[in-house]
Amino acid sequence: EAGVTQFPSHSVIEKGQTVTLRCDPISGHDNLYWYRRVMGKEIKFLLHFVKESKQDESGMPNNRFLAERTGGTYSTLKVQPAELEDSGVYFCASGSGYSSTDTQYFGPGTRLTVL
Amino acid sequence: AQSVTQLGSHVSVSEGALVLLRCNYSSSVPPYLFWYVQYPNQGLQLLLKYTTGATLVKGINGFEAEFKKSETSFHLTKPSAHMSDAAEYFCAVSPYTGANSKLTFGKGITLSVRP
């Protein structure tokens, strides 16, 4: 069974440009999460999808970030326009259950560098 | 609000020595507790988790952790370190209320194993 995949693995863009990150969850997982780790800091929650609906987007930093999950399958996270402080590693995770005890399976992350 | 403290950013042990990685949490009610490991160029992988029941939890690769409510701690141990244990380790919590499953992470600890 394939794990969570993320694309691209690395992205280097200039300030003001747009970047779109993609996450493909484990097949059949209704729950999809985005997290971000800024250098030297802890991994922080961004948002949670249940199927195609946003269950919790309390961690989204501002309206330059737009997350979508078309058809309840893969998800994209768009940053427009990118700022220097958006640099970091963006992790996607998926899970099959609806309880806070359920395991979240993480992808390898996308390393975003904004110059 | 919940928070997780992992003191120090780096631990170095000799191969065969005890591994002890500390984790303390702050929460109004005891949360669910997780340890994740990230090997180079890979996603986070669940080592073990505490939800209910026995407070000593055994995980993969010989790791275990003990939930101590009185000390608000969930320290990770392994009796004998192996070179392959070199990685970054994250302690995380999720809320006791089941509807909200977002993880709150500590800053992570990098474990080095000396031959």
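Owing to the predicted nature of the structure, the values given are computational and were not obtained by experimental measurement.

## A few points about the interface of chain B and chain A
Then, in step 1: Listed by partner, the interface residues are 26 residues for chain B and 23 residues for chain A.
Then, in step 2: At the boundary of chain B with chain A, total buried surface from both sides reaches about 1,800 Å², with 52% on carbon and sulfur atoms.
Then, in step 3: For chain B, the biggest contributors to the area lost against chain A are B:Ser101, B:Lys102 and B:Phe105; these three give 28% of the whole.
Then, in step 4: Summed over the shared surface of chain B and chain A, the result is 2 salt bridges.
Then, in step 5: B:Glu88 is the salt-bridge partner of A:Arg37, the closest N and O atoms lying 2.8 Å from each other.

## Regarding the state of the cysteines
Then, in step 1: Overall, the coordinates contain 2 disulfides over all chains when judged by the stated rule.
Then, in step 2: There is a disulfide in this structure between A:Cys23 and A:Cys92, and the S-S distance comes to 1.8 Å. On the sign convention where negative is left-handed, the bridge of A:Cys23 and A:Cys92, at about -60 degrees about the S-S bond, is left-handed. Within this pair, whereas A:Cys23 is found in strand E3 (residues 19–24), its partner A:Cys92 is found in strand E9 (residues 88–95), the two being separated by 69 residues in sequence. Each of the two residues, A:Cys23 as well as A:Cys92, counts as buried.
Then, in step 3: In this model, B:Cys23 is linked to B:Cys91 through a disulfide, with the two sulfur atoms separated by 1.9 Å.

## Considering the confidence of the model for chain B
Then, in step 1: Model confidence for chain B is summarised by a mean pLDDT of 91, while 96% of its residues fall at 70 or above.
Then, in step 2: Here strand E4 (residues 24–26) of chain B is the element of chain B with the lowest mean pLDDT, 92, and strand E3 (residues 19–21) of chain B is the one with the highest, 97.

## Concerning unusual backbone geometry
Then, in step 1: Cis geometry marks the peptide bond from A:Phe7 to A:Pro8, where omega comes out at -5 degrees.
Then, in step 2: With respect to the helices and strands, the residue A:Pro8 is situated in the loop between strand E1 (5–7) and strand E2 (10–13).
Then, in step 3: In this structure, the amide linkage connecting A:Gln80 to the following residue, A:Pro81, adopts the cis form with an omega of -10 degrees.
Then, in step 4: A positive phi angle, near 55 degrees, is found at A:Lys51, a position not held by glycine.
Then, in step 5: Taking relative accessible area as the criterion, A:Lys51 reaches 42% and is therefore assigned partly exposed.
Then, in step 6: The phi dihedral of B:Thr72 is positive, around 45 degrees, even though this residue is not glycine.
Then, in step 7: Note on placement: B:Thr72 falls in the loop between strand E8 (64–68) and strand E9 (73–78).

## Brief notes about the nonpolar core
Then, in step 1: Counting 27 residues, the largest nonpolar core has B:Trp35, B:Leu47, B:Leu48, B:Phe74, B:Leu76 and B:Tyr89 as its most contacted members.
Then, in step 2: Looking at this core, the elements with two or more residues in it are E3, strand E5 (32–38), strand E6 (44–50), E8, E9, strand E10 (87–94) and strand E12 (109–114) of chain B.
Then, in step 3: With 21 residues, the next largest nonpolar core counts A:Val19, A:Met60, A:Ala67 and A:Leu77 among its residues.

About the cut-offs
- Residues numbered from 1 in each chain as written.
- Chains lettered and ligands numbered in written order.
- Predicted model: local features only at pLDDT ≥ 70, side-chain atom pairs only at ≥ 80, totals over all residues.
- Heavy atoms only, no water.
- Contact = heavy atoms within 4.5 Å.
- Buried area = accessible area lost by both parts, 1.4 Å probe.
- Salt bridge = Lys/Arg side-chain N within 4 Å of Asp/Glu carboxyl O.
- Disulfide = S-S within 2.5 Å.
- Helix = DSSP H or I, 4+ residues; strand = E, 2+ residues; numbered from the N terminus.
- Buried < 20%, exposed > 50% of the residue type's maximum accessible area, 1.4 Å probe, protein only.
- pLDDT = per-residue confidence, 0-100.
- Core = buried A, V, L, I, M, F, W, Y, C linked by side-chain atoms within 4.5 Å.

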